[in-house]
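# Remarks on the overall topology
This is what each chain is made of:
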Amino acid sequence: MRGKVYLVGAGPGARDLLTLRAARLLEAADIVFHDALVPTDVLALAQHAKLVSVGKRCGRHSTAQRFINKRLIDASRRYAVVVRLKGGDPLLFGRAQEEIAALESAGIDYEIVPGITAAMAAAAAVGTSLSQRGTVRSVAFSTPRVGDGEEAGDWITAFSAADAGAIYMGVGEAAAIAVRLIALGKAPTLPVVVVENASLPNERIVYTTLAQLRLPPTRHFTGPTLLLIGPQFAARAGLAIPEEAPTPQRAVADKRA
């Protein structure tokens, strides 16, 4: 048997933000290789499929990319519909190109199904456009994360050249990022919005500035978190209600996390 592999975007988390094509493929799938952060109610759509977790989490044991590539190829020789389910959009910080190259090298048929990337869901949660006519004409999507043996590169200089942007997988390095952006000429008062679990019921939004971001963190984020940075968030930040102080139980839980 020679099946087909579908690289499918799971979207930012909310099940009803999946595309119709993604939902149909999950329902038809024979096997699904999914990221660690894909919610269980999204996986529940794959009622007849074998579910295989191949997630990557910072600081935790994860599946090597070359092993994922091999499993996709092997699965395509056993199953008709193979779904590789990736959080957000497969083509943005999803290592899709490595899987595409492996599938093409092996002569495996594949299709890419786009999804809503987390930055768009975060901006929607904040209620602010990532671009604005006349003031924010360039938007950068960046991440400080690199794989084993890879060089970090000077991504932050390119990011600072844009009018606004979103930083994926960067909350753990937020203070260093803020220091560097200010050194590159960004104003210390530039608004920053930290969005955790965008589109999910436990979504959390915190407004701050680059200057405040340099300080030791007072909040802990355990879910997928984005940094939205740009002048367009100033109005929302001015209207924001200060986040409620954590209860002692929540503070202990955050500390342990």
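Keep in mind it's a predicted model, so treat the numbers as computed, not measured.

When you go through the chain residue by residue, the secondary structure sums to 10 helices and 10 strands. Across the 257 residues in the chain, those meeting the buried criterion constitute 45%. At a minimum sequence separation of 6, the contacts of the chain that also span at least 24 residues come to 69%. Looking at the chain as shown, the accessible area adds up to about 13,600 Å², and 54% of this sits on carbon and sulfur atoms.

We now examine the sheet that holds strand β2 (residues 31-34). If you walk across this open sheet you meet the five strands as β3-β2-β4-β1-β5, and the pairing is parallel. Each having just a single partner strand, β3 (50-53) and β5 (109-113) make up the two edges of the open sheet. The average undirected angle you get between the axes of adjacent strands in this sheet is 20 degrees. The pairing of β2 with β3 spans four bridges and is parallel. Directly across from Val32, in β3, lies its bridge partner Leu51. Relative to the sheet, helix α3 (residues 65-76) contacts β1 (4-9), β2, β3 and β4 (81-86), its axis offset from that of β4 by approximately 155 degrees.

Across the chain, pLDDT averages 89, with 88% of residues at or above 70. The model gives residues 242-257 a pLDDT under 50, and that stretch makes eight contacts with residues more than four places away or in other chains.

Time to look at the pattern of salt bridges. Applying the stated rule across the entire model yields eight salt bridges. Lys4 is paired through a salt bridge with Glu111; the nearest N and O atoms lie 3.2 Å apart. Of this pair, Lys4 sits in strand β1 while Glu111 sits in strand β5, and the two are 107 residues apart along the sequence. Among the residues examined, Lys4 registers a relative accessible area of 21% and is labelled partly exposed. With a shortest N-O distance of 3.0 Å, Glu98 and Arg95 are connected by a salt bridge. Among the charged side chains, a salt-bridge network with shared partners connects Asp35, Arg84, Lys86 and Glu99.

By the secondary structure assignment, Leu228 is in strand β10 (residues 225-229). Residues Leu228 and Val193, 35 residues apart in the sequence, show an inter-C-alpha distance of 5.0 Å. In this structure, Leu228 is in contact with Ala119, Ala122, Ala123, Val126, Leu130, Gly165, Ala166, Pro191, Val192, Val193, Val195 and Phe233, ignoring residues within four places of it in sequence.

With a phi close to 55 degrees, Arg95 is a non-glycine residue in the positive phi region. Within the secondary structure layout, Arg95 lies in the loop between β4 and α4 (96-105). Look at Asn197: it is not a glycine, yet its phi comes out positive at around 55 degrees.

Helix-helix packing is described using two parameters, namely the angle between the two axes and the distance between the axes. Look at α3 against α4: their axes get within 9 Å of each other, and the N-to-C directions meet at 45 degrees. On the basis of the axis angle, α3 is oblique to α4. Between α3 and α4 lies a crossing of right-handed hand. On α4, the residues touching Gln65, Ile68, Asn69, Leu72 and Ile73 of α3 are Glu98, Glu99, Ala102 and Leu103.

The subject of this paragraph is the nonpolar core. Nonpolar side chains in soluble globular proteins tend to be buried together. Judged by nonpolar contacts, the single largest core of 20 residues is most densely connected at Val8, Leu26, Val32, Val83 and Leu85. Those elements that place two or more of their residues in this core are β1, α1 (20-28), α2 (40-43) and β4. Looking at which element gives the most residues to this core, the answer is α1, with four residues. Once you skip the residues sitting within four places of it in the chain, Leu85 turns out to touch Val8, Gly9, Ala10, Leu26, Val32, Phe33, His34, Asp35, Val38, Val42 and Leu43. By size, the runner-up hydrophobic cluster in this structure holds 19 residues, among which are Trp155, Ala174, Val194 and Val206.

Rules used throughout
- Residues numbered from 1 in each chain as written.
- Predicted model: local features only at pLDDT ≥ 70, side-chain atom pairs only at ≥ 80, totals over all residues.
- Heavy atoms only, no water.
- Helix = DSSP H or I, 4+ residues; strand = E, 2+ residues; numbered from the N terminus.
- Buried < 20%, exposed > 50% of the residue type's maximum accessible area, 1.4 Å probe, protein only.
- Contact = heavy atoms within 4.5 Å.
- Areas by Shrake-Rupley, 256 points an atom, 1.4 Å probe, with all protein chains shown as cover.
- Pairing = 2+ DSSP bridges.
- Axes fitted to C-alpha atoms, helices over the stretch in contact; angles between N-to-C directions.
- pLDDT = per-residue confidence, 0-100.
- Salt bridge = Lys/Arg side-chain N within 4 Å of Asp/Glu carboxyl O.
- Parallel < 35°, antiparallel > 145°, perpendicular 65-115°, else oblique.
- Left-handed = near helix turned anticlockwise from the far one by under 90°.
- Core = buried A, V, L, I, M, F, W, Y, C linked by side-chain atoms within 4.5 Å.

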